[in-house]
Amino acid sequence: MSSVTSTVARIAYLASDIIVDSQPTAPSTSQFSKTYSSLSATCARRPTILSVPLGGDPGSTLLRNGSSPGLISFTSSATAHTVISLVLDAAELSSLPLVLHLAVKDDLSDVLLLRSAVPFFLVSRTAQQAHDHSLLASRLARTEKKAVVHVFYEGFCDFVEEMAESEVQPFLLSEKLVSTNGVNGHNVPPGLELFKLYERAALSTVVRTRRACPPLSVHGSSEPHTVIFALGDIPSVDIDGVSVVSVNLLTPLPPSRILDVIPPSASRVVILEQLHRWNTKWTPLYLELVDAIHQRVGEQQPHIQSVYFSDPAQLISPAIVKLFQAAPSSAPLQLGGASASSLPSLEVPHIPKHESSYTKILSHVFGERLEVSNSPALVPKQGVIATSPEFALGRVRGQLDQRNELIRSVQQLLEVREVSSDLHKLCSQWILVKDDATKSRSVGKELITALESSKLSSHLVDRILALRSHIPARSRWIIGSDAWSYDLGASGLHHVIASDPHRRKQDAGLYAMNHGDVYVASVAVYSSYAQVLQAIMEADRHKGPSVVLAYLPYQHEDAPALEVLKETKLAVDAGYWPLYRWDPSVPRQTEPYLAARALQPELATELVSSLGENVKEARRKKAQQAYDDLVVSLDAPPLVVLYASDGGTAEKFAKRLANRGKARGLSTSIGTIDSMSIDNLAQEEYVAFVTSVAGQGEPPQNGRTLFKALNAAALRGEKPFSKLRYAVFGLGDSHYWPRPEDAHYYNKPGKDLDARLEQLGGERFADIGLADDQDADGPDTGYKVWEPLVWKTFGVDSIEVKEAEPDPITNEHIKAASGYLRGTIAEGLEDTTTASLDPSDTQLTKFHGIYQQDDRDIRDERQAQGVEPAYSFMIRVRTPGGVCTPEQWLQMDQIADEHGNGTFKITTRATFQFHGVIKRHLKPSIQEINKVLLDTLAACGDVNRNVICAAIPTLSRLHAQVYSFAKLVSAHLLPRTTAYHEIWLDKKMVAGEAVKDFEPLYGEFYLPRKFKIAVAVPPTNDVDVFANDLGFIAIVDEQGELAGFNVTIGGGMGVTHGNKKTYPRIADVIGFCTVEQGPVVAEKVMLTQRDNGNRADRKNARLKYTIDRMGLDTFKAEVESRLGYPLAPARPFTFDRNIDDFGWSTGDDGRHHVMLFIENGRIQDEPGRDFKTGLREIAKMHKGTFRLTANQHLMVSEIATEDVPEIKRILAKYKLDNLNHTGLRLSSSACVAFPTCGLAMAESERYLPVLVDKVEKICEENGLRNDSIVMRMTGCPNGCARPYVAEVAFVGKAPGSYSMLLGGGYYGQRLNKIYRETVSEPEILAILNPMIKRYALERLEGERFGDFVIRAGYIAPTTSGKEWYDGMGGEGQYREVAAAA
């Protein structure tokens, strides 16, 4: 059994070359599209399918594709908008090979508008008839190049005898119908000619289907007194003396055919049509029957009656008989009347949720002034046309005319002598402020009140009161949307643009600019929120029309905002969607001023040599190398080594292979896999591939293009590598994906590449080699087996290589050769041929607080364009103790706008971080930071980094002491190089280098790895002191004075996935020191690490590994030896939390503090949360300080009592005082990760709030809304957000995939442990749902979540860093293998 819709869709799919399918309101899909999707999976035929959104213009789409050969089919439910759009283009459409399949429910009112506009009009009432008419219509349109309308009733299901797929095209292409211009020497009328074409097509259809396709079907009495012409869904009726004629062909319908079915016995003809409404008195079918009957000569004319009906249930025999018995009427009759239930309801268009990104901004900026003139909310009152931009434009013009009339009336009232002085004053005031958003409303209310109470008798007063709705100045907007208000529909603007297929939609802005007086802006909220705000406010102020083009790319309504953001960035970066604002009122403006800086390299990238060699020397060496290669290649076959590597390991092995090949006399060359195209690869003889794994079994970034090309070639069945001989070496980690269902990700790129090359005709010269990080020697184990196979192929396996291989250049070499952190940074900044710095310089800029990054959201797209990545830089400020002044805050705010991406971040080191700073803005940024007595020196790199300390708002005096101590330690351990001032602040070096730099603490090699210090004040461990290399825990004596510090050493978070030689560690308490001893203790601990840290392996270079290698007691003894005295015994202390204390508090000095929740530390403006603007307003009036916390939140501190009301007002205005969040959200934290962090494997900052939304619902369902659970997320295992001491944590492994950890201590006193090595969001929620529910029911008094999961047996406690891997995967029944089973 088939539905009539699927039957029609099937024929349209099999018969057409192009299908245009009209879509309903989002998120629904067309009833035809489901059939098309299923057919595409089973049928060999593949027509082109185009979709037209709701409210779109199908006519223009059909016309643009009308020049294509073959048949075009349009499928849609019949709506007024669709039909009207087709009628507007009917003249052009009628001469196309086009079938319009229109589905109707119970009303032909709309579709009958097309009757006179097209050559053929067919009506089907059953599924079988719809099948046959679809074939007939397709044949007519294809052979005669004329449009056919096929109307059918949807909703029916019946058994249908369908034509086989293989027979449809032969049927359509069988003998062509030949038009006849004359019969027996006489011309045939055009209508009759078309009918003959129909008859011949119908005959061909009958021959194939063995079913008749008559234009009129007759049943009932052979000598009737009444003939009923039925057009619509008419049930079968059997009444004596009545003949029923069903109209199957409405156009063309010759009079002779009409007369043939009206016998002489008929005295009455009833035309029964299924119509809800008709705008003229008589329908076209009625007029045609009247005309035909009047052509009868000499016979009595029957009475003709027109009857409308809507519900087929009304057509019962008694009702029809009653109709015959009624007196004849000259006016049309409505059978049964139009009941409310039968009338079509007005469907309010659905607005996709993503559009709220813009509508919220409009509401936020304009508030009650906002008027969306084509809002869907107007549909119930004004009908579906209310959302039409053209209709709304007419309304707006009318409103503006009425407001101008109101203004004239008020001005005329001022001239009336009888007007009182108060009323005169109010009229004058309103005229002056009539365009002011606020004052026009307030003054207008007073004016209306005065007029209503006035006794003045004047028509002007009556007129003003009648127009009172126009008193306030409004901001009127018409929204064009692809979903519900299609892009200005068929208006002149869109029509001009859409009529040219080579013009883009965004070119409407250029068209509008040419008008001369139109404000034009092109915006994208997911690219620049600030620019959207500027544009809409400028558009509102403009005295004239304004056009704001807003970009919002999404495939479906459920598309996550993150995808929309990425697509937006691609479009803006590629120039597809330019951002600009054009104000014609700005004098001497010759081009749109750009709202966003685009990073476009002018020339091809040429890296700056870290050795300072000039270009000429480099070319000479390159020429010499080419000559040497040529000589060598005369005697030995060449070997090309290609690698794909993200982390550098695969590149290292590839270079080792190439160097060893050269040492054996082979001609070798090396490059990335993406440096080779398929065509070039096909010309090579011997190629060795070395690749690692990225993400979830994906190839690394610099190998993806060729991988995709190889897959595409394989799908096409090509074999281009007939002469290629290859070998593949893959690097992976068998433990990275421990679950059996994920095991295929291990070394997947290498395995896939090996198989794909063979499929494309290549021949292996050595079997694939697989390296496993879990082997005894790591990847070297597998490499040592594979490499000899390569040399054996070339016959050089017996050659003994005595020459030592060059040592790889490491960070230690770079530091030593840098001239105390200079390198060639200054030269690189001057190089305008690239947006990047030299790779060795990027290691040095870290010491200057700068990381080179690129936008990873658009990395693939830029690579496909053949341009370098969108390089930019992250700048991290050094703010010891996390305290800054209002002046410094304002400077940071300004730098973010002028040099960064418009936002800045509070980091987990309690400092500022800017992203999106391009190279030429680096020096100005750092100079402006320096202007407010801050710097970026040692904010990153192998040195002591930013020293953080507790916020402690209630203990003002104690905070002042620990803050002073933090600054003292930071200054004591600061590098002494002058390179920072020379490069960034233009402080010149002494001529001739007479005075050389000297690093008394660090030396030329600096530290083996980064070094972090924190100062905590019990009972709050808000700095996670145990996660730092060195910690100071403040000890207060009985008088409340700072007595000194307990000293902790050996904390650290960084881990490498799958490398069990790496692990997190919490610090050990080793003793007590006084405040005066603290800086010296810090120095000696750091120097002990400097001299004993592992410089050979950066993954094992942190202090935590040094202590575990030396032993804690030995390390402590070395520190005390350098001090010259032993540390005193540690003193007791207690921690009870590591989260921030939100809200207001008062210090012991009487000044006030307020801790604000800044989710993940991002300071930005967004709809409903203009935090950046609000904090700027506070900074302008605040007289105290700001304290940045290690949990990425912000305290406005040291507020004078008299300033508290104003601070509260600003906080409320910008919703900065909103602490109505769950305990889970207030305790969450995330690192930056995508799109800027080069180490990120998965989302973090952009994803954690989304995950928290879902997890906090579980908490609320179980009564835990206000209970704090410390949840943290990082995009990689390096641990910037300190995930390894959280109660529950997620560490990124691949996009959408995380390790899940449980069991951390609530105040950072215990490491957590891996509970599941790989989870995605559904698995996370499935795990946490029962776990949180059980916690709510079974927890002990005061028991924290991290403690509960250990007591409940989910996970074992971690007692030390070395034992972090013991018991991973869960305990007992919760163990990962058991859970999977």
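What counts, and where the lines are drawn
Residues numbered from 1 in each chain as written. Predicted model: local features only at pLDDT ≥ 70, side-chain atom pairs only at ≥ 80, totals over all residues. Heavy atoms only, no water. Helix = DSSP H or I, 4+ residues; strand = E, 2+ residues; numbered from the N terminus. Buried < 20%, exposed > 50% of the residue type's maximum accessible area, 1.4 Å probe, protein only. Contact = heavy atoms within 4.5 Å. Areas by Shrake-Rupley, 256 points an atom, 1.4 Å probe, with all protein chains shown as cover. Lys, Arg positive; Asp, Glu negative; His and termini not counted. Charge placed at Lys NZ, Arg CZ, Asp CG, Glu CD. Salt bridge = Lys/Arg side-chain N within 4 Å of Asp/Glu carboxyl O. Polar contact = N/O pair within 3.5 Å; in protein donor to acceptor, adjacent residues only side chain to side chain. Phe/Tyr/Trp six-rings, centres within 6.5 Å; stacked < 30°, edge-to-face > 60°. Lys NZ or Arg CZ within 6 Å of the ring centre and 35° of its normal. Axes fitted to C-alpha atoms, helices over the stretch in contact; angles between N-to-C directions. Parallel < 35°, antiparallel > 145°, perpendicular 65-115°, else oblique. Left-handed = near helix turned anticlockwise from the far one by under 90°. Nonpolar A, V, L, I, M, F, W, Y, C, P; charged D, E, K, R; others polar. Disulfide = S-S within 2.5 Å. Pairing = 2+ DSSP bridges. Right-handed = clockwise from strand over helix to strand, strands pointing away. Core = buried A, V, L, I, M, F, W, Y, C linked by side-chain atoms within 4.5 Å. pLDDT = per-residue confidence, 0-100.

Participant: Would you mind going over the overall build of the protein with me for this structure?
Facilitator: Of regular secondary structure, the protein possesses 45 helices and 51 strands. C-alpha extents for the protein along the principal axes are approximately 135 × 105 × 70 Å. Per-residue burial over the protein gives 55% buried out of 1381 residues. Put simply, 73% of the contacts in the protein that link residues at least 6 apart link residues at least 24 apart. For the protein, the accessible surface area stands at approximately 59,200 Å², while carbon and sulfur atoms represent 53% of it. Distance between charge centroids for the protein: 2 Å, based on 147 positive and 166 negative side chains.

Participant: Teacher, can you tell me more about the side chain of Lys919 here?
Facilitator: By the element assignment, Lys919 lies in the loop between β34 (912-917) and α33 (922-931). The charged side chain of Lys919 is buried without a salt bridge, its nearest counter-charge being Asp831 at 5.0 Å. Only 2.7 Å separates the side chain of Lys919 from the backbone oxygen of Asp831, close enough to count as a polar contact. Beyond its immediate chain neighbours, meaning those up to four positions away, Lys919 contacts Gly828, Leu829, Asp831, Thr834, Ala835, Ser836, Leu837 and Phe873.

Participant: Please clarify how the packing of aromatic side chains should be interpreted in this entry.
Facilitator: By convention here, two paired aromatic rings are described through the distance between centres and the angle between planes. Tallying each qualifying case throughout the model produces 36 aromatic pairs. Here the aromatic rings of Trp889 and Phe904 are separated by 5.4 Å at their centres, their planes lie at 70 degrees, and the arrangement is edge-to-face. Remark: Phe904 occurs in strand β33 (residues 904-906) and Trp889 occurs in helix α32 (residues 886-898); sequence separation between them is 15 residues. Take Trp889 and Phe904: they sit in the same class, and that class is buried. Aromatic side chains Phe965 and Phe1032 sit 5.1 Å apart centroid to centroid with 80 degrees between the ring planes, which places their arrangement in the edge-to-face category. Of this pair, Phe965 sits in helix α34 (residues 956-972) while Phe1032 sits in strand β37 (residues 1030-1036), placing them 67 residues apart in sequence. Assigned by exposure class, Phe965 and Phe1032 land together as buried. Taken together, the ring pairs in this structure connect Tyr1315, Tyr1335, Phe1345, Phe1348, Tyr1354 and Tyr1374 into an aromatic cluster. Lying over the aromatic face of Tyr1315, Arg1316 brings its terminal NZ or CZ to 4.1 Å of the ring centre. Against the face of Tyr1335 rests Arg1339, its NZ or CZ located 5.2 Å from the ring centre.

Participant: Where do I start with the packing of helix α39 (residues 1171-1181) against helix α40 (residues 1204-1213) in this structure?
Facilitator: Between two packed helices, the angle of one axis relative to the other and the distance separating the axes together describe the packing. Running from N to C, α39 and α40 cross one another at 165 degrees; their axes reach a closest spacing of 9 Å. Considering the angle they form, α39 stands roughly antiparallel to α40. Remark: the crossing between α39 and α40 carries right-handed chirality. Contact with α39, carried on its side by Gly1174, Glu1177, Ile1178 and Met1181, involves Glu1206, Ile1207, Ile1210 and Leu1211 of α40 and no other residues of that element. Among the residues forming the contact of α39 with α40, the class breakdown is five nonpolar, one polar and two charged.

Participant: Please clarify how the state of the cysteines should be interpreted in this entry.
Facilitator: One covalent bond between the sulfur atoms of two cysteine residues makes up a disulfide. For the structure shown, the criterion picks out zero disulfides. Free cysteine: Cys1231, not disulfide-bonded; nearest cysteine sulfur from Cys1280 at 5.9 Å. Relative accessible area serves as the criterion here: at 12%, Cys1231 is assigned to the buried category. With no disulfide of its own, Cys1237 has Cys1276 as its nearest cysteine by sulfur position, at a separation of 5.6 Å.

Participant: Whenever I open this one, the pattern of salt bridges confuses me. Can you help?
Facilitator: For side chains bearing opposite charge, pairing can occur when the charged atoms are close. Using the criterion set out here, one finds 73 salt bridges in the structure. With its nearest N and O atoms 3.0 Å apart, the salt bridge here joins Asp780 to Arg656. Pair noted here: Asp780 is in helix α27 (residues 779-794) and Arg656 is in helix α23 (residues 649-663), with a separation of 124 residues, a long-range link. Glu812 is the partner of Arg1095 in a salt bridge, and the nearest nitrogen-oxygen pair spans 2.7 Å. Within this pair, whereas Arg1095 is found in the loop between α36 (1078-1092) and α37 (1103-1110), its partner Glu812 is found in helix α28 (residues 811-816), the two being separated by 283 residues in sequence. The network of salt bridges with common partners includes Lys566, Lys569, Asp855, Asp857, Glu1243 and Arg1246.

Participant: When you look at the pairing of strand β26 (residues 686-691) in this model, what are you seeing that I'm missing?
Facilitator: Each regular strand carries side chains that alternate between the two faces of the sheet. Most of β26 is tucked away, with six of its six residues classed as buried. Of the two faces of β26, the one carrying Tyr686, Ala688 and Val690 and the one carrying Val687, Phe689 and Thr691 are both buried. Alignment of strand β24 (residues 638-644) against β26, held across five bridges, turns out to be parallel. Pairing of Tyr643 across the sheet is with Val690, part of β26. Bridge count between β26 and strand β27 (residues 725-732): six bridges; the pairing is parallel. Opposite Val687, over in β27, you have Tyr726 as the bridge partner. In this fold, the crossover linking β26 to β27 by way of helix α25 (residues 704-715) has right-handed handedness.

Participant: Quick question: what am I supposed to make of the sheet that holds strand β45 (residues 1185-1188) here?
Facilitator: For sheets, the rule is that strands pair by backbone hydrogen bonds, running either parallel or antiparallel. One open sheet holds the five strands; their spatial order is β32-β45-β46-β41-β40, and the pairing between them is antiparallel. Looking at the sheet topology across the chains shown, the edges are occupied by β32 (883-884) and β40 (1143-1146). The pairing of β32 with β45 spans two bridges and is classified as antiparallel. Note on β45: the bridge partner recorded for Cys884 is Phe1186.

Participant: Just to check I follow, could you spell out the side chain of His131 for this structure?
Facilitator: For His131, the position within the fold is in helix α6 (residues 127-144). In this structure His131 touches Thr7, Ile11, Val160, Glu161, Glu162, Met163 and Arg211, once residues within four positions along its chain are discounted.

Participant: Would you take a moment to explain the nonpolar core for this structure?
Facilitator: Considering soluble globular proteins, one finds that nonpolar side chains tend to be buried as a cluster. Residues Trp889, Phe914, Val962, Trp984 and Phe1032 are the most contacted members of the largest nonpolar core, which totals 124 residues. With six residues, the single largest contributor to this core is α34. Excluding anything up to four places from it in sequence, Phe1032 contacts Phe965, Ile1013, Ala1014, Val1015, Ala1016, Val1025, Phe1045, Asn1046, Val1047, Cys1073, Gly1078 and Ala1082. Among the nonpolar cores identified, the runner-up in size contains 50 residues, and Val123, Leu285, Tyr286 and Ile293 belong to it.

Participant: Could you clarify how one ought to interpret the environment of Leu985 in this entry?
Facilitator: Take Leu985: it is sitting in helix α35 (residues 979-985). Residues within four places of Leu985 in sequence aside, it is in contact with Ile926, Gln927, Asn930 and Tyr980.

Participant: Please clarify how the confidence of the model for the protein should be interpreted in this entry.
Facilitator: Predicted coordinates in areas of low pLDDT are best not read in detail. For the protein, the average pLDDT comes to 86, and 91% of its residues sit at 70 or higher. For the stretch residues 588-613, pLDDT sits under 50, and the model shows 57 contacts to residues farther than four places along the chain or on other chains.

Participant: For this particular structure, what's the right way to read the packing of α6 against helix α7 (residues 165-172)?
Facilitator: Running from amino to carboxyl end, α6 crosses α7 at an angle of 40 degrees, the nearest separation of the two axes being 9 Å. The pairing of α6 with α7 is recorded here as oblique in orientation. Here Leu135, Ser138, Arg139, Arg142 and Thr143 of α6 lie close against α7, whose contacting residues are Val168, Gln169, Phe171 and Leu172. Counted by class, the contact of α6 with α7 contains four nonpolar, three polar and two charged residues.

Participant: Where do I start with the sheet that holds strand β39 (residues 1068-1073) in this structure?
Facilitator: Strand order in this open sheet of five strands is β35-β36-β37-β38-β39, and the pairing throughout is mixed. Single-partner strands in this sheet number two, and they are β35 (948-949) and β39. On top of the sheet, α34 reaches β35, β36 (1013-1016), β37 and β38 (1042-1049); it is set at about 50 degrees to β38, its chief contact. On the sheet, α36 packs against β36, β37, β38 and β39 and is oriented at approximately 160 degrees with respect to β37.

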